[in-house]
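Observations on chain architecture
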Amino acid sequence: MLSNWIKRLSPRHKEKEKELHRASIGVTVSIRHYKNASREIQDEIENNGFAEFLIYDRGVNRGGH
């Protein structure tokens, strides 16, 4: 218990906590941007009315082999 208290007072520990918090915010923002872009693309495909004709190539038959 005393070691946890000492760690919390440590400037290095505080800096690592701040770094982790900044990274967490960055990941959250990136996920939100990805979701928004993905939704916009899906909406555009649906609005154009050609979604039923799309074929998704997952790389199985690439290269003409």
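Preceding this section is the structure that the text describes.
Here goes a summary of the coordinates provided. Numbers given to residues run from 1 along each chain, matching the order in which its sequence is written. Note on the predicted model: pLDDT of at least 70 is required for a residue's local features to be given, and 80 or more for side-chain atom pairs to be given and counted; whole-chain, interface and lining totals, by contrast, use all residues. To get the side-chain values, take all heavy atoms of the structure and skip hydrogens and water.

1. Notes on the overall build of the protein
How we decide: The helix and strand labels rest on DSSP assignments: H or I over at least four residues marks a helix, E over at least two residues marks a strand, and numbering proceeds from the N terminus. Each residue gets one of three labels from its accessible area relative to the maximum for its type: buried under 20%, exposed over 50%, partly exposed in between, using a 1.4 Å probe on protein chains only. Accessibility throughout is a Shrake-Rupley quantity obtained with a 1.4 Å probe, and a residue counts as covered only by protein chains that appear here.
When its secondary structure is counted, the protein shows 2 helices and 0 strands. For the protein, buried positions account for 0% of its 65 residues. A total accessible area of about 6,500 Å² is found for the protein, and carbon and sulfur atoms account for 57% of it.

2. A closer look at the pattern of salt bridges
Filter applied, for reference: Any carboxyl oxygen of Asp or Glu within 4 Å of a side-chain nitrogen of Lys or Arg constitutes a salt bridge here.
Under the counting rule described, the total for this entry stands at 4 salt bridges. For E19, the salt bridge identified is with K16, shortest N-O distance 3.8 Å. Remark: K16 and E19 occur in helix α2 (residues 11–48); sequence separation between them is 3 residues, near one turn of the helix. Measuring nitrogen to oxygen at the nearest pair gives 2.7 Å for the salt bridge that ties R39 to D43. Taken together, the positions of R39 and D43, both in helix α2 and 4 residues apart, correspond to about one turn of that helix. Several salt bridges share partner residues, and in doing so they unite R39, D43 and E46 into one network.

3. A few points about α2
The α-helix advances 3.6 residues per turn, and as a result positions three or four apart in sequence lie on the same side. Counted only if it meets this: Helix span, expected: 1.5 Å multiplied by one less than the number of residues in the helix.
With 38 residues, α2 ought to run about 56 Å at 1.5 Å a step, and its terminal C-alpha atoms sit 56 Å apart, in line with that. The first or second residue beyond α2 is G49, which carries a positive phi of 75°.

4. Brief notes about a nonpolar patch on the surface
Formally: Put simply, a patch holds well-exposed residues, over 30% relative accessible area, that have no salt bridge, with like charges counted together within 9 Å and Val, Leu, Ile, Met, Phe, Trp or Tyr side chains within 5 Å.
A surface patch of nonpolar side chains, about 460 Å² in accessible area, is lined by L2, W5, I6 and L9. Among the structural elements, W5 can be located in helix α1 (residues 2–9). Since its relative accessible area comes to 53%, W5 is described here as exposed.

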